[in-house]
Amino acid sequence: MKEAREFLQLLDSSEKAYVFTGAGVSTPSGIPDFRGKGGLYEKVPPDIFDIERFYENPARYYRFHRERLSLTRKVEPNVAHRVIAKLEEMGKIWGVITQNIDGLHQKAGSKNVIELHGTMERYVCTRCKRKYDADFVEVELWKDEVPRCPECGGLLKPDVVFFGEPLPELELLKAYRIAEEADLAIVVGSSLVVYPAAMIPRMTVENGGKLVIINVGETGLDGLAFRKYEVDVALFFQAVGEELGVI
């Protein structure tokens, strides 16, 4: 695929590149996105992810979450996750800044991962702030409809960013620093409409870097892109991996 070869040439000419991923990198693994056809918003109302609704009726959220937790814990990284991890291992990219909460980048072998929206692998007690892993919560959800902290009885909340919550400040600052220092931002599977996360690749461009977008469909930053590859994410990274000889 000539696009894959061109992409690798861009990487070779870069001194510091990073990958910025959205839901589209995980859809080939079987995790639906939010806004696309067949996405979550066609099945559940968006306010299920609203922080005020969560505190008002946590049982409503956890009825949905129980099924989603089982799904996300069974899925495996796809070729895009694996090749992105290889690119990091080979020193061609710094790592990944992701909007996803599924942990698939780490599962594929990526070491440098900034999770802007948190992770489904961790839960926090809203009272005493103790943290628990997903294994614990998965067991608890078969005992009760709402998981509670065994130490203080407080409500457990997924350590992810709900609507109405700010992004984790430390992770955001790390991402801003990477974006400012990089000369190449590679966006994969994101429509770049959710802010402030979508500011990150824009910052790279504003600091003199190039933007490459790999996404089927329009994004909020198409007008700033040096290259836009409107191709299937899995097929694109399959071709990249074959060019590199890693798959």
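Reading the values: the criteria
Residues numbered from 1 in each chain as written. Predicted model: local features only at pLDDT ≥ 70, side-chain atom pairs only at ≥ 80, totals over all residues. Heavy atoms only, no water. Helix = DSSP H or I, 4+ residues; strand = E, 2+ residues; numbered from the N terminus. Rg over C-alpha atoms; globule rule 2.2 N^0.38 Å. Buried < 20%, exposed > 50% of the residue type's maximum accessible area, 1.4 Å probe, protein only. Areas by Shrake-Rupley, 256 points an atom, 1.4 Å probe, with all protein chains shown as cover. Lys, Arg positive; Asp, Glu negative; His and termini not counted. Charge placed at Lys NZ, Arg CZ, Asp CG, Glu CD. Arc of directions from axis to C-beta. Contact = heavy atoms within 4.5 Å. Pairing = 2+ DSSP bridges. Core = buried A, V, L, I, M, F, W, Y, C linked by side-chain atoms within 4.5 Å. Axes fitted to C-alpha atoms, helices over the stretch in contact; angles between N-to-C directions.

A. Representation of the overall build of the chain in the model. Across its full length, the chain carries 9 helices and 9 strands. Taken against the 2.2 N^0.38 rule, which gives 18 Å for 247 residues, the C-alpha radius of gyration of the chain at 19 Å falls within 12% of a compact globule. Taken along its principal axes, the extent of the C-alpha atoms in the chain is 55 × 35 × 30 Å. Per-residue burial for the chain yields a buried fraction of 49% across its 247 residues. On the chain, roughly 11700 Å² of surface is accessible, and the fraction owed to carbon and sulfur atoms is 49%. Separation between the mean location of the 32 positive side-chain charges and that of the 38 negative ones in the chain comes to 3 Å.

B. Layout of helix α1 (residues 2-12). Among the residues of α1, A4, F7, L8, L10 and L11 are the ones counted as buried. The buried residues of α1 all sit within an arc of 155° when viewed along its axis, so they share a single face. Those residues of α1 that are exposed and aimed more than 90 degrees away from the buried face are K2, Q9 and D12. Looking at the buried side of α1, the elements it contacts are β1 (17-21), α4 (79-89), β7 (184-188), β8 (210-214), β9 (227-229) and α9 (233-244).

C. Geometry of the pairing of β7. Buried residues dominate β7, accounting for 5 of its 5 residues. Alternating residues of β7 divide into L184, I186 and V188 and A185 and V187, and every residue in both groups is buried. Where β1 lies against β7, 5 bridges are found, and the strand directions are parallel. Bridging from a neighbouring strand, A17 pairs with L184 of β7. As paired strands, β7 and β8 are joined by 5 bridges and run parallel to one another. From the neighbouring strand, V188 faces β8, where its bridge partner is I214.

D. Here's a closer look at the nonpolar core. F7, L11, I186, I214 and F237 are the most contacted members of the largest nonpolar core, which totals 27 residues. For this core, the secondary structure elements donating two or more residues are α1, β1, α4, β7, β8 and α9. Beyond its immediate stretch of four places on either side in the chain, F237 contacts V79, A80, V83, I84, L87, V188, I214 and I247. In terms of nonpolar packing, the next biggest core, distinct from the first, is built from 23 residues, I51, V137, C149 and L156 among them.

E. Up close: the sheet that holds strand β5 (residues 131-133). Taken in spatial order, the 3 strands of this open sheet run β5-β4-β6, and their pairing is antiparallel. Looking at the sheet topology across the chains shown, the edges are occupied by β5 and β6 (156-160). Neighbour to neighbour, the strand axes of the sheet diverge by 40° on average, direction disregarded. Here strand β4 (residues 118-125) pairs with β6 via 4 bridges, running antiparallel. The partner of G118 across the bridge, within β6, is V160. Those strands touched by helix α3 (residues 58-74) are β4 and β6, and its axis lies near 135° from that of β4.

F. Looking closely at unusual backbone geometry. The omega torsion across Y195 and P196 is 10°, close enough to zero to call that bond cis. Note that P196 resides in the loop between β7 and α8 (199-206). With a phi close to 70°, K129 is a non-glycine residue in the positive phi region. Tracing the backbone shows K129 in the loop between β4 and β5.

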